[in-house]
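Structural overview
So the chains spell out like this:
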Amino acid sequence: MADNLTENCIQCLASCDFTGRVIPECPEYGDKRRQGQRITKSASVFLCCDKTKTTKLFRQKIEALSYSVPDLKIPISKIRNEEQKKVNRLVHNLTSINAHNIQEIYDLVPQEILAQNWRRQLDFIKEEIKKDMDKAALMFLRIAKHNTHMRSEFSIYRKIERDDNIELDKKEHNLRNVLLNTLHTFFSDFSKRDVYVEVDDFYFKVDFDYETIQVALYHLIENAAKYTLYNTRVLITAYETDDWINLKFEMTSTHVKEEERSEIMKEGISGEMARKMQKQGDGIGMWRINQMLKINDCEFEAIFGDVSETKMGFDFSKNVFIMKFLKY
């Protein structure tokens, strides 16, 4: 897969026996770059980059790329611009999530302590956990959340973005159990904002593709954790109609203006209040939820309320979000 390299690049690849370091002057482009190679059982990944700011970040990027190789079935020579953007987005997202996980670990036990006392690493880790068991438990939940996010990125790429033919594995699932599998990883996020999440008892079983519905749940719960007003409640219930099993989320969260309500369902669009709070991401949450439900023959309904209160200059509303699962 290296048939498009220049002669200089081929020479760099042949002499590269490190995972990442600075190249002061690139023989091909004449600028300062970082390059490295990572060899796994499935592939050898060589990366030369002038964008990454630190060698540490570069190594994280090449590691993420090496994990993605088994999914990259399309020959490089045939990848079009749009397909390359999908790969770039996957790598960017996985690199970012991986960085969060690394930060969580070293917030508990600093890297320099482990490096200096490598013979007693287990003792140091156990001591740090004993010092603050609540901190360690919350770190566990945050890493679990990041790993759920990582899995959702792989699911999206493998099932949707890599191929035009979407292959779903629809089976019967207990809706409440699937919800709780994702919800529990956000415990620390809701706790920080003093938001109480109440999940009603319900026992509906529904047919859907687990991975894609988990992606939808992840984004909906993530939005609730980010935008729900502090010291309020999120109520999650379920009920059935003639055609649907409805999973309903009720909360007091960021107000969405009437003229924005259809727009935020589009890719890359965030509401004005979310931008004002500087909590907007890439503007894909609502769009991704809708997308995941549609491919499962389900629907997503958002019912935005009028401004109910204003805190610290930010407007909040009583908002309702409903994931509608088709009965079979």
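In case you missed it, the structure is sitting above this.
Residues numbered from 1 in each chain as written. Predicted model: local features only at pLDDT ≥ 70, side-chain atom pairs only at ≥ 80, totals over all residues. Heavy atoms only, no water.

Quick word on the overall build of the protein chain
Regarding its fold elements, the protein chain presents eleven helices and eleven strands. For the protein chain, buried positions account for 45% of its 328 residues. Pairs at least 24 residues apart make up 65% of the contacts formed inside the protein chain by residues separated by at least 6 positions. Put simply, the protein chain shows about 18,700 Å² of open surface, and 49% of that area lies on carbon and sulfur atoms. (Helix = DSSP H or I, 4+ residues; strand = E, 2+ residues; numbered from the N terminus. Buried < 20%, exposed > 50% of the residue type's maximum accessible area, 1.4 Å probe, protein only. Contact = heavy atoms within 4.5 Å. Areas by Shrake-Rupley, 256 points an atom, 1.4 Å probe, with all protein chains shown as cover.)

Quick look at the packing of aromatic side chains
Taken as a whole and judged by the stated rule, the model has four aromatic pairs. On the basis of an interplanar angle of 55° and a centroid distance of 5.3 Å, the ring pair of phenylalanine 186 and tyrosine 218 is categorised as tilted. Here tyrosine 218 lies in helix 9 (residues 210-227) and phenylalanine 186 lies in the loop between helix 7 (175-183) and helix 8 (187-192), a separation of 32 residues in the sequence. Tyrosine 218 matches phenylalanine 186 in its accessibility class, with the two residues each being buried. Centre to centre, the rings of phenylalanine 304 and phenylalanine 321 are 5.7 Å apart; their planes meet at 80°, and the pair counts as edge-to-face. Highlighted residues: phenylalanine 304 in the loop between strand 9 (299-303) and strand 10 (307-311) and phenylalanine 321 in strand 11 (residues 314-326), separated in sequence by 17 residues. Of the two residues examined, phenylalanine 304 and phenylalanine 321, each falls in the buried class. By way of ring pairs, the aromatic residues Phe300, Phe304 and Phe321 are connected into one cluster. (Phe/Tyr/Trp six-rings, centres within 6.5 Å; stacked < 30°, edge-to-face > 60°.)

Section: the side chain of histidine 146
Structurally, the position occupied by histidine 146 is in helix 6 (residues 133-161). Among the residues examined, histidine 146 registers a relative accessible area of 9% and is labelled buried. Other than its neighbours up to four places away in sequence, histidine 146 contacts Ile97, His100, Asn101 and Glu104.

A closer look at unusual backbone geometry
The phi dihedral of asparagine 231 is positive, around 60°, even though this residue is not glycine. Its place among the elements puts asparagine 231 in the loop between helix 9 and strand 7 (233-240). Asparagine 231 sits in the exposed class, given a relative accessible area of 58%. We note that aspartate 297 has phi near 60°; this positive angle belongs to a residue other than glycine. Residue placement: aspartate 297 occurs in the loop between helix 11 (285-295) and strand 9.

Some details on the nonpolar core
Grouped together as the largest cluster of nonpolar side chains are 42 residues, with contacts concentrated most on Leu179, Phe190, Leu247, Phe249, Phe300, Met323 and Phe325. Counting residues per element, the ones that place at least two in this core are helix 7, strand 6 (205-209), helix 9, strand 7, strand 8 (244-254), helix 11 and strand 11. With nine residues, the top contributor of residues to this core is helix 9. Membership of the second largest hydrophobic core comes to 14 residues, among which are Leu65, Val87, Ile97 and Met150. (Core = buried A, V, L, I, M, F, W, Y, C linked by side-chain atoms within 4.5 Å.)

Some thoughts on the pattern of salt bridges
Pairing between side chains becomes possible if they bear opposite charge and their charged atoms approach one another. Across all of its chains, the model carries eleven salt bridges by this definition. Here glutamate 128 makes a salt bridge to lysine 131, at a shortest N to O gap of 3.1 Å. Placement of the pair is glutamate 128 and lysine 131 together in helix 5 (residues 121-131), with a separation of three residues, close to one helical turn. Measuring nitrogen to oxygen at the nearest pair gives 3.7 Å for the salt bridge that ties aspartate 169 to lysine 171. Judged by relative accessible area, which is 46%, lysine 171 ranks as partly exposed. (Salt bridge = Lys/Arg side-chain N within 4 Å of Asp/Glu carboxyl O.)

Focus: the packing of helix 7 against helix 9
Two measures define how a pair of helices packs: the angle their axes make with one another and the distance between the axes. Relative orientation of the contacting elements helix 7 and helix 9 amounts to 55°, with a least axis distance of 9 Å. Classed by the angle they form, the pair helix 7 and helix 9 counts as oblique. Seen along the crossing, helix 7 lies across helix 9 with a hand that is right-handed. Residues Val178, Leu179, Asn181, Thr182 and Leu183 of helix 7 pack against Tyr210, Gln214, Leu217, Tyr218 and Ile221 of helix 9. Class assignment of the residues belonging to the contact of helix 7 with helix 9 gives a composition of seven nonpolar, three polar and no charged. (Axes fitted to C-alpha atoms, helices over the stretch in contact; angles between N-to-C directions. Parallel < 35°, antiparallel > 145°, perpendicular 65-115°, else oblique. Left-handed = near helix turned anticlockwise from the far one by under 90°. Nonpolar A, V, L, I, M, F, W, Y, C, P; charged D, E, K, R; others polar.)

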